[in-house]
Amino acid sequence: MLDQIKGLHHVTSMARDARQNNDFFTRKLGQRRVKKTVNFDAPDVYHLYYGDEAGTPGSVMTYFPFPNIGKGRHGVGEVGTTVYSVPEGTLAYWEKRFAQEGVSGVSRDETFGEKRLAFAGPDGDGFALVEDKADARKPWAKGGIPTDEAIRGFHSVALRLKDGGATEELLKFMGYEEIDKSGNVRRLAVKNGNGADVIDIESLPGAAFADLGAGSVHHVAFAVVNRAKQLEVRKALMDTGYQVTPVIDRDYFWAIYFRTPGGVLFEVATNEPGFDRDEDTAHLGEALKLPTQHQHLRPYLEQHLQKLEG
């Protein structure tokens, strides 16, 4: 069993409209846009990152907003819900805020003894807030949300799979342990993580497979401290039979990717070098930052890409 994984690093999804996406996360959810860059493989499309003040691993939601993308179809083989952590007793605040902001899909429930508020993103993305009184992480203090109510970071992601067994075994190999179960949902967690420590696996054998599109999670990334730990994880996964990509430089972290038995794309990303490698922390996410290979496109991109608030 591996011990290098320290919880979630980031979650990356697809969107249709960059301006709407930016507004939802920075204004309605009060997150900080920590990086405004472009997709490495499609540089005429933004890659937007939202999180806490520094873009701490375990807090970062990222998006590829493709202007002409079709709507995703939810099903099995995907991350069904991305769950944020908020302080105990704050769901009433968020429920009222979501009503005022016209956020859709809002409903209350309780899962594994935790009070939860489900809601939808602008493209039908599945989200929830969970009250966690033990979460001591500091929120972004300048997002228009009182710090006593603000989002702390990720709590968990929920995977929807046709058969969760093989993916559960993979996660256990990656250092997760089953800590609870309820019906067809298994809850796993990693010890000594970064606060974004939980993965839920929901098995739905009769459900149709998801189709990737706007509102779909593209991949979920797990955090390791540095490149040395990442290489240890890569070797162990390959020795177990997984097809893992070479290490890829993503400017703000190093990444490896592999497809899980349930169909979800996993990434293992380093905490280094961080989002302050090309902007100081006080000004994260303000300027358009381009990968070296796309710098020559700057005049075109500055005219072509949607203008964003903030």
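- Naming follows an unreviewed UniProt entry, where the chain appears as Glyoxalase family protein of Mesorhizobium sangaii.

## Some remarks on the UniProt feature "domain: VOC" (unreviewed entry) in the chain
Here is step 1 of the chain: Mapped onto this numbering, the UniProt entry gives "domain: VOC" (unreviewed entry) at residues 7-132 and 153-271.
Here is step 2 of the chain: Between the end C-alpha atoms of residues 7-132 the distance is 16 Å, and the span holds 17% helix and 43% strand.
Here is step 3 of the chain: Each end of residues 153-271 is marked by a C-alpha atom, and these two atoms are 15 Å apart; helix forms 18% of the span and strand 44%.

## Points about the UniProt feature "domain: Cyclic nucleotide-binding" (unreviewed entry) in the chain
Here is step 1 of the chain: The feature "domain: Cyclic nucleotide-binding" (unreviewed entry), as annotated in UniProt, sits at residues 77-122 in this numbering.
Here is step 2 of the chain: Note that residues 77-122 is 24% helix and 46% strand, and that its end C-alpha atoms are spaced 21 Å apart.

## A few points about the side chain of His47
Here is step 1 of the chain: In this structure, His47 sits in strand S3 (residues 46-51).
Here is step 2 of the chain: Separated by 2.8 Å, the side chains of His47 and Thr62 make a polar contact.
Here is step 3 of the chain: Leaving out residues up to four positions away in the same chain, His47 has contacts with Thr12, Lys35, Lys36, Thr37, Val38, Asn39, Thr62, Tyr63 and Phe64.

## Some details on the pairing of strand S13 (residues 217-224)
Here is step 1 of the chain: In terms of residue burial, S13 counts as a mostly covered element, since seven of its eight residues are buried.
Here is step 2 of the chain: Here strand S1 (residues 8-15) pairs with S13 via five bridges, running antiparallel. The partner of Ser13 across the bridge, within S13, is Val217.
Here is step 3 of the chain: Bridge count between S13 and strand S16 (residues 265-273): five bridges; the pairing is parallel.

## Regarding the sheet that holds strand S14 (residues 248-249)
Here is step 1 of the chain: Reading across from one edge, S2-S3-S4-S1-S13-S16-S15-S14 is the order of the eight strands in this open sheet, with mixed pairing throughout. Whereas interior strands pair on both sides, the edge strands pair on one side only; in this sheet they are strand S2 (32-38) and S14.

## Some remarks on empty space enclosed by the protein
Over the atoms a probe the size of a water molecule is rolled, and this reveals where empty space is left.
Here is step 1 of the chain: As enumerated under the stated definition, the model contains one cavity of 30 Å³ or more in all.
Here is step 2 of the chain: Size it by volume and the largest cavity reaches roughly 60 Å³.
Here is step 3 of the chain: Residue lining of the largest cavity: 14 residues in total, with Ser13, Asp125, Gly126, Gly215 and Val217 positioned closest to the centre.
Here is step 4 of the chain: Elements supplying a minimum of two residues to the lining of the largest cavity: strand S4 (60-65), strand S5 (78-86) and strand S8 (126-131).
Here is step 5 of the chain: Here the lining of the largest cavity gets four residues from one element, more than from any other, and that element is S5.
Here is step 6 of the chain: Classifying every residue of the lining of the largest cavity by side-chain character gives five nonpolar, seven polar and two charged.

## Examining helix H3 (residues 165-173)
Here is step 1 of the chain: Within H3, the full set of buried residues consists of Thr167, Glu168, Leu170 and Leu171. Angular distribution of buried residues about the axis of H3 spans 160 degrees; they occupy a single face of the element.
Here is step 2 of the chain: Just downstream of H3, Gly175 is the residue with a positive phi angle, here 110 degrees.

## Side note on the pairing of strand S9 (residues 153-161)
Here is step 1 of the chain: With respect to burial, S9 is a largely interior element, nine of its nine residues being buried.
Here is step 2 of the chain: As paired strands, S5 and S9 are joined by seven bridges and run antiparallel to one another. By the bridge assignment, Glu78 is partnered in S9 with Arg160.
Here is step 3 of the chain: Sheet analysis places S9 next to strand S12 (residues 198-203), joined by six bridges and oriented parallel. Note that in S12 the partner of Ser156 across the bridge is Val198.

## What about the pattern of salt bridges?
Here is step 1 of the chain: By the definition in use, this model includes 15 salt bridges.
Here is step 2 of the chain: As a salt-bridge pair, Asp23 and Arg27 come within 2.9 Å of each other at their nearest N and O atoms. Of this pair, Asp23 and Arg27 both sit in helix H1 (residues 18-28), four residues apart, which is roughly one turn of the helix.
Here is step 3 of the chain: Overall, the relative accessible area of 38% leaves Arg27 in the partly exposed class.
Here is step 4 of the chain: Notably, a salt bridge pairs Glu279 with Lys35, separated by 2.7 Å at the nearest N-O pair. Taken together, the positions of Glu279 in the loop between S16 and helix H5 (298-304) and Lys35 in strand S2 put the pair 244 residues apart, joining distant regions of the chain.
Here is step 5 of the chain: Under the relative-accessibility criterion, Lys35 is labelled buried at 0%.

## Section: the sheet that holds strand S6 (residues 107-111)
Here is step 1 of the chain: Across the sheet, which stays open at both edges, the eight strands sit in the order S6-S7-S8-S5-S9-S12-S11-S10 with mixed pairing between neighbours. In the strand order of this sheet, the two ends are held by S6 and strand S10 (176-182), each with one partner. On average, each strand axis in the sheet is tilted by 25 degrees relative to the strand beside it, whichever way the strands run.
Here is step 2 of the chain: Sheet strands touched by helix H2 (residues 91-101): S5, S6, strand S7 (114-120) and S8. Its angle to S7, the strand with the most contacts, is close to 15 degrees.

Conventions and cut-offs
Residues numbered from 1 in each chain as written. Predicted model: local features only at pLDDT ≥ 70, side-chain atom pairs only at ≥ 80, totals over all residues. Heavy atoms only, no water. UniProt positions renumbered as here; feature names shortened; annotations may be inferred. Helix = DSSP H or I, 4+ residues; strand = E, 2+ residues; numbered from the N terminus. Polar contact = N/O pair within 3.5 Å; in protein donor to acceptor, adjacent residues only side chain to side chain. Contact = heavy atoms within 4.5 Å. Buried < 20%, exposed > 50% of the residue type's maximum accessible area, 1.4 Å probe, protein only. Pairing = 2+ DSSP bridges. 1 Å grid on protein atoms, 1.4 Å probe; cavity = no way out; pocket = protein on both sides within 12 Å on 5 of 7 lines; lining within 4 Å. Points joined across faces, edges and corners; volume = space filled by probe spheres on them. Nonpolar A, V, L, I, M, F, W, Y, C, P; charged D, E, K, R; others polar. Arc of directions from axis to C-beta. Salt bridge = Lys/Arg side-chain N within 4 Å of Asp/Glu carboxyl O. Axes fitted to C-alpha atoms, helices over the stretch in contact; angles between N-to-C directions.

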